[in-house]
Amino acid sequence: MVQRIGAEEAARRLGVSRQTLYAYVSRGLLKAHPDEDPRRSFYLAEEVDRLARARRRGRRPKEIARSTLDWGMPVLESALTLIEGGRLYFRGRDATELAESATLEEVAALLWQVPLEIAFPTVLPPALPEFEALLPLMADRPASEGLLPLFAALADDAATAAWRADRDAEARGCGTLVRQLAAAALRRPTGAQPLHLQMAEAYGLSEAGAQLVRRALVLCADHELNASGFSARCVASTGASLKAAVIGGLAALSGYRHGSTTARVEAFWSDLGSGDPTNRIRQRLERGEDVPGFGHPLYPAGDIRAKALLGASVAGLDRGREIAARVEDLTGRPPSVDFALVAVRRALSLPEGTAFLLFALGRSVGWIAHAREQRETQALIRPRALYTGPRP
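Quick caveat: nothing in here was measured; it's all calculated off a predicted structure.

Reading the values: rules and limits
Residues numbered from 1 in each chain as written. Predicted model: local features only at pLDDT ≥ 70, side-chain atom pairs only at ≥ 80, totals over all residues. Heavy atoms only, no water. Helix = DSSP H or I, 4+ residues; strand = E, 2+ residues; numbered from the N terminus. Rg over C-alpha atoms; globule rule 2.2 N^0.38 Å. Buried < 20%, exposed > 50% of the residue type's maximum accessible area, 1.4 Å probe, protein only. Contact = heavy atoms within 4.5 Å. Areas by Shrake-Rupley, 256 points an atom, 1.4 Å probe, with all protein chains shown as cover. Salt bridge = Lys/Arg side-chain N within 4 Å of Asp/Glu carboxyl O. Axes fitted to C-alpha atoms, helices over the stretch in contact; angles between N-to-C directions. Parallel < 35°, antiparallel > 145°, perpendicular 65-115°, else oblique. Left-handed = near helix turned anticlockwise from the far one by under 90°. Nonpolar A, V, L, I, M, F, W, Y, C, P; charged D, E, K, R; others polar. Disulfide = S-S within 2.5 Å. Pairing = 2+ DSSP bridges. Expected span 1.5 Å × (residues − 1). Arc of directions from axis to C-beta. Core = buried A, V, L, I, M, F, W, Y, C linked by side-chain atoms within 4.5 Å.

> Please provide a residue-by-residue account of the overall build of the protein, values included.
Looking only at helices and strands, one finds 20 helices and six strands in the protein. Against the 2.2 N^0.38 benchmark of 21 Å for 392 residues, the protein shows a C-alpha radius of gyration of 22 Å, consistent with a compact globule. Taken over the C-alpha atoms alone, the protein extends approximately 65 × 60 × 40 Å along its principal axes. Among the 392 residues that make up the protein, the fraction classed as buried is 48%. The contacts in the protein between residues at least 6 apart in sequence include a share of 70% that link residues at least 24 apart. Split by element, the accessible area of the protein, about 19000 Å² in all, is 51% carbon and sulfur.

> Any chance you could break down the environment of Val235 for me, citing the residues and the numbers?
Looking at the element boundaries, Val235 is found in helix 13 (residues 227–237). For Val235, a relative accessible area of 23% puts it in the partly exposed group. The residues touching Val235, leaving out its near neighbours within four places in the chain, are Ala240, Ala244, Ala245 and Gly248.

> How would you summarise the pattern of salt bridges if you had to cite specific residues and measurements?
A pair can form between side chains of opposite charge whenever their charged atoms are brought close. For the coordinates displayed, the defined rule picks out 23 salt bridges. Between Glu9 and Arg12 there is a salt bridge, with the nearest N and O atoms lying 2.7 Å from each other. Taken together, the residues Glu9 and Arg12, both in helix 1 (residues 7–14) and three residues apart, mark about one turn of the helix. Here Arg12 falls in the exposed class, since its relative accessible area comes to 57%. The closest approach of N and O atoms between Glu46 and Arg50, which form a salt bridge, is 3.7 Å. Of this pair, Glu46 and Arg50 both sit in helix 3 (residues 45–57), four residues apart, roughly one helical turn. Judged by relative accessible area, Arg50 falls into the partly exposed class, the value being 32%.

> Any details on the packing of helix 13 against helix 20 (residues 354–377)? Residues and values, ideally.
Packing of helix 13 against helix 20 leaves a shortest axis separation of 8 Å and a crossing angle of 40°. Here helix 13 lies oblique to helix 20, going by the angle between them. As for how helix 13 packs across helix 20, the hand of that crossing is right-handed. Within the contact between the two elements, helix 13 uses Ser228, Gly229, Ala232, Arg233, Ala236 and Ser237 and helix 20 uses Arg363, Trp367, His370, Ala371, Glu373 and Gln374. Taken together, the residues that form the contact of helix 13 with helix 20 break down as four nonpolar, five polar and three charged.

> Talk me through the state of the cysteines; I want residue IDs and the actual numbers.
Counted under the stated rule, the structure contains zero disulfides. Between Cys174, a cysteine without a disulfide, and Cys234, which holds the nearest cysteine sulfur, the sulfur-to-sulfur distance is 18 Å. For Cys174, a relative accessible area of 0% puts it in the buried group. Of the residues examined, Cys234 reaches a relative accessible area of 25% and is grouped as partly exposed.

> How would you explain the sheet that holds strand 3 (residues 41–44) if you had to name every residue and give the values?
Overall, antiparallel pairing links the three strands, which are arranged 1-3-2 in an open sheet. Where the open sheet ends on each side, the last strands, each with one partner, are strand 1 (4–5) and strand 2 (33–34). Of the pairings in the sheet, the one linking strand 2 to strand 3 comprises two bridges and is antiparallel in character. Opposite Pro34, over in strand 3, you have Ser41 as the bridge partner.

> Outline the side chain of His33, listing residues and values.
In this structure, His33 sits in strand 2. When near neighbours in sequence (up to four residues on either side) are disregarded, His33 contacts Ser41, Phe42, Tyr43, Leu44, Glu47 and Gly332.

> Tell me about helix 9 (residues 143–154), residues and numbers included.
For helix 9, which comprises 12 residues, the first-to-last C-alpha distance of 16 Å matches the rise-based estimate of 16 Å (1.5 Å per residue) to within 8%. Every buried residue of helix 9 is listed here: Ala143, Gly146, Leu147, Leu150, Phe151 and Leu154. For helix 9, the angular spread of buried residues about the axis comes to 125°, placing them on one side. Packed against the buried residues of helix 9 are helix 8 (129–134), helix 10 (167–186), helix 14 (242–253) and helix 20.

> Give a detailed account of the nonpolar core, specifying residues and quantitative values.
Phe90, Leu111, Trp112, Leu147, Leu309 and Leu341 are the most contacted members of the largest nonpolar core, which totals 99 residues. Excluding residues within four positions of it along the chain, Leu111 makes contact with Leu80, Phe90, Arg91, Ala221, Asp222, Val365 and Ala369.

> Give a detailed account of the pairing of strand 5 (residues 87–90), specifying residues and quantitative values.
Every second residue of strand 5 is oriented toward a common face, the buried set being Leu88 and Phe90 and the non-buried set Arg87 and Tyr89. Across four bridges, the pairing between strand 4 (residues 81–84) and strand 5 is antiparallel. Within strand 5, the residue paired with Leu82 across the bridge is Tyr89. Two successive antiparallel strands, strand 4 and strand 5, enclose a turn made up of two residues, where Gly85 displays a positive phi of approximately 60°. In the sheet, strand 5 pairs with strand 6 (residues 93–94) via two bridges, with the strands oriented antiparallel. Residue pairing in the sheet places Phe90 in a bridge with Arg93 of strand 6. Here strand 5 folds back onto strand 6 in antiparallel fashion, the turn holding two residues, of which Arg91 has a positive phi close to 45°.

That's the geometry; what it means functionally is another story.
Here is the structure:
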């Protein structure tokens, strides 16, 4: 359950003065939320406690080791994505600005540092009979379950194997992987059009709908060392193909704490009904239940990707904006990209599960970028464990 606390309690938990508490807020380490009384602010207890734990760790080696894999200090170098000051950048380019007009393929070329026409040529690979045979077996599977086996049947390891020395051939292989993942998501033959146009054709979308899908795909392209991106790097570091790295990313994305948060958001949204959502949200909070798809540790002032999607000029997004506003009023938490993707799905009347597909298709570009970058280092990712079991 979301717990609000005042400035005095927040300072006590942190072990600092009120002045230092306000300094933390001004430095972006903590967010102060406006209270009903305009003279006061409140803080979210879990955010205060997280900061308190980070301060207590100090420089103790064991604590640093324990916290590194949980929103902790950076563990490796990357030139791909920067999250800083509440903004998201792909190789120094503002992601929300790119989302105004760029296609996912153009962002892929930027992240992979390859020419667009080489990575995404007009010539397509032949259809595989294994893929066609598997389609009927996946007919009743949810999107999050069917995507991985369909992609595994359709894609080829050799095109992006670690031994391949031809850089142009590897780039074409990367573009083919993205197109094949789209074919697996849409359950139709591989296409040469940009992905947002393929999705628009498959779902019968208007031009405005196609542009909203394009924006969503671009904003999902990468997000630094999240669980799926790190999984892709780990797979690539072993010398596996980039197809294998994408499969690793898909497996991680399917978890309910990552990409399948969209399924939890769908259930929450359905429970609200069609009227004013305020009372139902309040009742949920009073029962101690969480509200999925809100708040993000890397964006104290709100997920910039969600703002860019919910701020689009599409009338169908009105309900999503209304729900997001009510949740933020009650909890102080702004929406994350997971909620925004569900809002997009519902605004465009796409099949349930499409929010997860948008996430996976967009993020496949980032998985490949991370896998290629890791491959360049020729280093195996092999951290050591901090053993806590009985001594021999």
